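Chains, contacts and geometry: an overview
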Amino acid sequence: MKLLTRTSRSYIYISVMVFIISGFIIFNMLHNIFKRQLDETLNEEKLLIEQTINYSDSVPDFRLVFGHMIDVTILNSPQKKAGYIRDTLMYDSELGTFASFRHLFSENTSISNKGYTINIYKPLRDSEKLITEIVISLSLVFTSLLLLLVLVNYFIARRVWVPFYRILHHLSNYEINQAVPLELAKTDIYEFNLLSQALEKMSKKIRLDYLNLKEFNENAAHELQTPLAIIKTKLELLIQKENLDESQLKLLSAVFEATTRMSKLNQGLLLISKIENNQFLQTEKIDLSKILDKTIDHFGEMINHRGIAVFKNYQHPAFLVMNPVLAEILITNLVSNAIRHNILNGRIELNVQQDTFTIANTGIIMKTDPRDLFQRFRKSENNPDSVGLGLSIVQKIANLYQLKVDYQHHAGFHTLKISSMRLIP
Amino acid sequence: MKILLIEDEKELSGSILEYLQKENYLCEAVPDFEHALEKINLYQYDCIVVDINLPDGNGLNLIRVLKEIKSETGIIIISARNSLDDKITGLEIGADDYLTKPFHLPELNARIKSIIRRRSFGGVNEIVFNDLRVLPEQMEVTVSGQSLILTKKEYDLLVFFLSNKDRILTRESIAEHLWGDEMDMADSFDFIYTHIKNLRKKIMEKGGEDYIKTVYGMGYKFTDQ
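Predicted model only: the values in this text are computed from it and were never measured.

Here we come to the overall build of chain A. On a plain count of helices and strands, chain A comes out with nine helices and 11 strands. Here chain A holds 425 residues, and the buried ones make up 21% of them. Across chain A, every contact between residues at least 6 apart in sequence was considered, and the portion connecting residues at least 24 apart equals 66%.

Of regular secondary structure, chain B possesses eight helices and 14 strands. In chain B, 56% of the contacts between residues at least 6 apart in sequence involve partners at least 24 apart.

The subject of this paragraph is helix α9 (residues 390–400) of chain A. Residue and element names in this part refer to chain A. With nine of 11 residues buried, α9 lies mostly within the body of the structure. Burial in α9 covers these residues: G390, L391, S392, I393, V394, Q395, K396, I397 and A398. If you follow the buried residues of α9, they end up packed against α5 (246–276), α8 (324–340), β10 (404–410) and β11 (413–419). Two residues or fewer past α9, Q402 is found with a positive phi of approximately 55°.

Residues and elements named next belong to chain A. Of the two faces of β11, only the one carrying H414, L416 and I418 is buried; F413, T415, K417 and S419 on the other face are not. In this sheet, β11 lies alongside strand β9 (residues 357–362) in antiparallel orientation, the contact comprising six bridges. Directly across from I359, in β11, lies its bridge partner L416. Of the strand pairs in this sheet, β10 and β11 are connected by seven bridges, and their pairing is antiparallel. Bridge assignment links V405 to a residue of β11, and that residue is I418. Counted along the chain from β10 to the antiparallel partner β11, the turn is two residues long, and its residue A411 has a positive phi close to 50°.

Moving on to the interface of chain A and chain B. Between chain A and chain B, the contact holds 31 residues from the first and 30 residues from the second. If you list the elements that add at least two residues to the side of chain A that touches chain B, you get α4 (190–239), α5, α7 (300–305) and α8 of chain A. Ranked by residues supplied to the side of chain A that touches chain B, first place goes to α4 of chain A with 11 residues. Of the residues assigned to the side of chain A that touches chain B, the class counts are 11 nonpolar, 12 polar and eight charged.

Here we take up the sheet that holds strand β14 (residues 219–222) of chain B. All names here are of chain B. Read across the sheet, three strands follow the order β12-β14-β13 without closing on themselves; strand pairing throughout is antiparallel. Only two strands of the sheet have a single neighbouring strand rather than two, namely β12 (168–170) and β13 (212–215). Averaged over all neighbouring strand pairs, the angle between strand axes comes to 30°, with direction disregarded. Sheet analysis places β12 next to β14, joined by three bridges and oriented antiparallel. Among the inter-strand pairings, T170 is bridged to a residue of β14, identified as G219. In the packing of helix α7 (residues 171–179) onto the sheet, contacts are made with β12 and β14, and the angle to β12 comes to roughly 65°.

For the rest of this paragraph, the subject is the nonpolar core. Counting 40 residues, the largest nonpolar core has L330 and L334 of chain A as the members making the most contacts within it. Per-element tally for this core: the top contributor is α8 of chain A, with nine residues. No fewer than three residues from each of domain 2 (190–276) and domain 3 (284–419) of chain A sit in this core. If sequence neighbours within four positions are ignored, L330 of chain A has contacts with V394 and I397 of chain A. In this structure, Y19, A36, I63 and I76 of chain B belong to the second largest nonpolar core, which totals 35 residues.

Here we take up the packing of helix α1 (residues 10–21) of chain B against helix α5 (residues 105–119) of chain B. Residue and element names in this part refer to chain B. As a packed pair, α1 and α5 sit with axes 10 Å apart at the nearest point and diverge in direction by 60°. Here α5 runs oblique to α1, going by the angle between their axes. In the crossing of α1 with α5, the sense of the turn from one axis to the other is right-handed. Between α1 and α5, the contacting residues are S15, I16, Y19 and L20 on the first element and L105, L108 and N109 on the second. For the contact of α1 with α5, the residue count by class is five nonpolar, two polar and no charged.

All names here are of chain A. Within the secondary structure layout, Y154 lies in helix α3 (residues 125–173). Taking the C-beta count within 10 Å as the criterion, Y154 has 15 such neighbours and is therefore assigned partly exposed. For Y154, the residues in contact, after removing those within four places along its chain, are L4 and S8.

The next point concerns the environment of G390 of chain A. All names here are of chain A. Mapped onto the secondary structure, G390 falls in helix α9. Accessibility expressed as a C-beta count within 10 Å gives 22 for G390, which makes it buried. Taking the C-alpha atoms as reference points, G390 and L334, 56 residues apart in sequence, are found 8.0 Å from one another. Ignoring sequence-local partners within four residues, the contact set of G390 consists of N333 and N337.

Right, let's talk about the sheet that holds β9 of chain A for a bit. Through backbone hydrogen bonds, the strands of a sheet pair up, either in parallel or in antiparallel fashion. Residues and elements named next belong to chain A. The strand order across the open sheet formed by five strands is β6-β8-β9-β11-β10, and the pairing between neighbours is mixed. The sheet terminates laterally at β6 (309–314) and β10, the two strands that pair on one side only. The sheet shows a mean angle of 15° between the axes of neighbouring strands, taken without regard to direction. Its contacts with the sheet put helix α6 (residues 288–298) on β6, β8 (347–352) and β9, and the angle it makes with β8 is roughly 165°.

Residue and element names in this part refer to chain B. In the segment running from K101 into P102, the intervening peptide bond is cis, with an omega of -5°. As for its placement among the helices and strands, P102 is situated in the loop between β7 (97–100) and α5. One non-glycine residue, K70, adopts positive backbone phi at about 55°. Tracing the backbone shows K70 in the loop between α3 (59–68) and β6 (74–79). By the C-beta count within 10 Å, which is 6 here, K70 ends up exposed. Positioned with a positive phi, S144 is a non-glycine residue whose angle comes to about 45°. The topology assignment puts S144 in the loop between β10 (140–143) and β11 (146–148).

Conventions and cut-offs
- Residues numbered from 1 in each chain as written.
- Chains lettered and ligands numbered in written order.
- Predicted model: local features only at pLDDT ≥ 70, side-chain atom pairs only at ≥ 80, totals over all residues.
- Helix = DSSP H or I, 4+ residues; strand = E, 2+ residues; numbered from the N terminus.
- Buried ≥ 20, exposed ≤ 12 C-beta atoms within 10 Å, placed from the backbone.
- Contact = placed C-beta atoms within 7 Å.
- Pairing = 2+ DSSP bridges.
- Nonpolar A, V, L, I, M, F, W, Y, C, P; charged D, E, K, R; others polar.
- Axes fitted to C-alpha atoms, helices over the stretch in contact; angles between N-to-C directions.
- Core = buried A, V, L, I, M, F, W, Y, C linked by C-beta atoms within 7 Å.
- Domains from an automatic or database assignment.
- Parallel < 35°, antiparallel > 145°, perpendicular 65-115°, else oblique.
- Left-handed = near helix turned anticlockwise from the far one by under 90°.

What follows is the structure in structure tokens.
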């Protein structure tokens, strides 16, 4: 949920609640006021009637005077003084239906010792109408006020948060391996400036650490090259010595293999840091199907040896604009990966479309989390001897050219998909 | 055969010399640009192996000098920089081959031999080993006069063996020779074995001897001893 939506929504919720509660209170208050007023008039009328009865000892026709229902009944026996006022439902001849009335009942005894009862009915409809009108106009005022407030709040918030979104946009576009450190524009809001400063400081530190680490990696890999080359050549000379027995050869073989692996690893790391440093500048237009055919051909004997069937489906000519060396490494890694992790008599399916390319191979299910697949040194449990840099290199090359690499496992096929290839006519 | 090695790393240079000396080459090694310049101006070599990154200059300039004096020398560049630019420039200005460090000694040896073979116009441009005869230009192999039909990889393998006869070739160096360094080693070992088995079978079918000896845990050796 967006910040603005969230605040606006809470604003509306709270306002509506306050509105309902206050509306209820206002309604009740008005209701009570009107009732009290009505009761006062009823009592006044009652007093007037009583006074008249006491004065003239007769019952006048009040109906004409007050214009509503008054009923005075003379009783023969004296009555105790009693009475009440309450709401009642009665047939309203004016409306033609039952309606609410305020009813005053009073018992009293006149001077001539005759008891009488007074019943006065006053319709509530007028006051109810008034209350409804008041409530309606109040809610109209309130609703428009609420709308206005929400709108004003929305627009103010939108303006106020603009620098925040700018910072956010800047941040999400920033990559730590970019050539320049993160720089955020100044805003006129103190808190956002603080935020920018904190972010800049943090990213500067991270960037510095990153650069140091990268430099160390590069130097380490580079400096290891020569000693490794020396070890390898000396071992090769040692192997040629005539008087080695089998156990010595066995030892040498293990050392040699380990050295070769280390050397491969080192080359892989060097390649990655070269890619990261963007040292492959020269680009060419590369025909994807051509380079695929070449690579498949290169591994042809290996493919035959394993009984793997290759299915090519080049639906559309596709071109990549990239460094030819990197293109070759990318495709070679993908193809050799598809061979290496294949099963005996398996399949490889190549699918080239205008802007996507997939390579799928049969293979046993991996235990590795697909998300970890592109990490360095992630090795298949079936091939513990591999160096584990292949897919990491693929990812690095893809990143360099804004290509997307996805892995999928479906129906026994491991599929790697390279997408968002730039369209070239 | 005279070979000049220009390499600043003393140990590496020593190893290369030791390996090549067994081939009855006359090998000289210099550690820097200046000495190399002196040598190439004074003497004639059949092959020059030059490192690009020298402490006092760029090896590529040595190649330019060689071309200026119209030297017929074969040139192999060895460089730690796996850079396409260097490779292209090097080959453009007249180098014959390019090897990236670290390389296997048998690989360098095979490349030197191939260059020397190609350059020996008029001379015997063929490899003979007992009853085996290889004509590199036609890519033809005969066993006691009978022609042998080999696949490209089997042929490459045989030439590699013949260039390094009586030496142990590790499986790693064979794999790298046949498929380049992008091949993951572990996969290719049993594959190499199949190729060697086939090659052996084909030679023996034509009445040839089995020259390929397996060296336990290590690799193979092509020898008649």
